[in-house]
Amino acid sequence: MKKNIFFIFLAALILSGSCSSAPKKPAEIVVLRRQAEQELDLGNKAVVHGQYNNALLLLTEAKRKAVSVDDVSLVIRTSLSYGNLLLSMNRINEAFAEWDSAIAEAQRFGNTELLSVSRIFRAKGSLLTGRDTARNVLDLTIREQANIVKDRYYIAFSWQVRGLALRALESYTEAENSIRRGLEIHEKDRYLEDASYDWYIIASIRSLAGNYSGAIQALEEAIAIDRRIENSWGLAASWKALGDVYTKMGRSNEAASAHARSKAITEAAN
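Predicted model only: the values in this text are computed from it and were never measured. (Residues numbered from 1 in each chain as written. Predicted model: local features only at pLDDT ≥ 70, side-chain atom pairs only at ≥ 80, totals over all residues. Heavy atoms only, no water.)

Our next topic: the side chain of Ser 262. In this fold, Ser 262 is placed in helix α13 (residues 252-269). Not counting chain neighbours up to four residues away, the residues in contact with Ser 262 comprise Ala 236, Trp 239 and Lys 240. (Helix = DSSP H or I, 4+ residues; strand = E, 2+ residues; numbered from the N terminus. Contact = heavy atoms within 4.5 Å.)

Below is the structure:
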């Protein structure tokens, strides 16, 4: 009898010890969400690098994972980036369908910040495709920008769209100031692909204003960043723009050299 009591007591101790050392179950599982976030980031970078086929694969998969785990924020953000990609591929109606879907999703779940972001994405598309006037886009951007307070990336994006609208309205000083507000965030947070694009836009603003030497300086900034991040698409675009500025200045030899360099980069990068 004493032996039985001893073995029962020993078994209880072993069982108690095994339970206390067992790992606690996680409060939530975020594997797919983390993968989707990584694919979203890589997809956005691929768009800026002009790698549209790669971006299409990444963003399609990111959106699939976002939908599969019913993460509202991820679904909206992947739709926004997917629409941006489709616009770059000249699939305009599909791009607007993605942005409209993001707007509807944000409205459904009462996400004020992402609703404003979605509307600004759509406004940028309307500006670039001529579907809406620059004045309407500017007014909408200013109105919706007040709701974007948490996500620094989207704050920078809203300043960029505001700058593009002001450029179209020929308010060149205000346009550059707006782009620079976004540039400060992009440089500080190391969104280098976006910083390069900011300098490219600043160059276009200065060129339109007749400030050709300032445009050259801005393009040199863009080229320096694109070299650091090996952005062949950005390099080719900036060298072509540099050639265009030199042409406006009547510096034909330098224009021909810049255009030739742009073509060489494009061909080498295929």
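The interhelical angle for the contact between helix α10 (residues 192-208) and helix α11 (residues 212-228), taken along N-to-C directions, is 165°, at an axis separation of 8 Å. On the basis of their axis angle, the class for α10 and α11 is roughly antiparallel. Both α10 and α11 take part in a crossing whose hand is left-handed. Between α10, through Leu 192, Ala 195, Ser 196, Trp 199, Tyr 200, Ile 202, Ala 203, Arg 206 and Ser 207, and α11, the contact on the second element is made entirely by Tyr 212, Gly 214, Ala 215, Gln 217, Ala 218, Leu 219, Glu 221, Ala 222, Ile 225, Asp 226 and Arg 228. Taken together, the residues that form the contact of α10 with α11 break down as 12 nonpolar, 4 polar and 4 charged. (Axes fitted to C-alpha atoms, helices over the stretch in contact; angles between N-to-C directions. Parallel < 35°, antiparallel > 145°, perpendicular 65-115°, else oblique. Left-handed = near helix turned anticlockwise from the far one by under 90°. Nonpolar A, V, L, I, M, F, W, Y, C, P; charged D, E, K, R; others polar.)

Next up on the list: helix α7 (residues 134-145). Across its 12 residues, α7 extends 16 Å between first and last C-alpha, which sits within 8% of the 16 Å expected from 1.5 Å per residue. When α7 is considered as a whole, its buried residues turn out to be Ala 134, Val 137, Leu 138, Thr 141, Glu 144 and Gln 145. Along α7, the residues classed as buried sweep out an arc of 145° about the axis, all on the same side. Residues of α7 that are buried in the fold lie against α6 (112-129) and α8 (152-168). (Expected span 1.5 Å × (residues − 1). Buried < 20%, exposed > 50% of the residue type's maximum accessible area, 1.4 Å probe, protein only. Arc of directions from axis to C-beta.)

Glancing now at the packing of aromatic side chains. On inspection of all chains with the given rule, the structure shows 6 aromatic pairs. A centroid spacing of 5.1 Å and a plane angle of 80° characterise the contact between Phe 96 and Trp 99, whose relative ring orientation is edge-to-face. Highlighted residues: Phe 96 and Trp 99, both in helix α5 (residues 92-109), separated by 3 residues, approximately one helical turn. The same class applies to Phe 96 as to Trp 99, namely buried. Considering the side-chain rings of Tyr 153 and Tyr 154, the 5.7 Å spacing of their centres and the 70° angle between planes classify their relative orientation as edge-to-face. The side chain of Arg 131 reaches across the aromatic face of Phe 96, ending 4.0 Å from its centre. (Phe/Tyr/Trp six-rings, centres within 6.5 Å; stacked < 30°, edge-to-face > 60°. Lys NZ or Arg CZ within 6 Å of the ring centre and 35° of its normal.)

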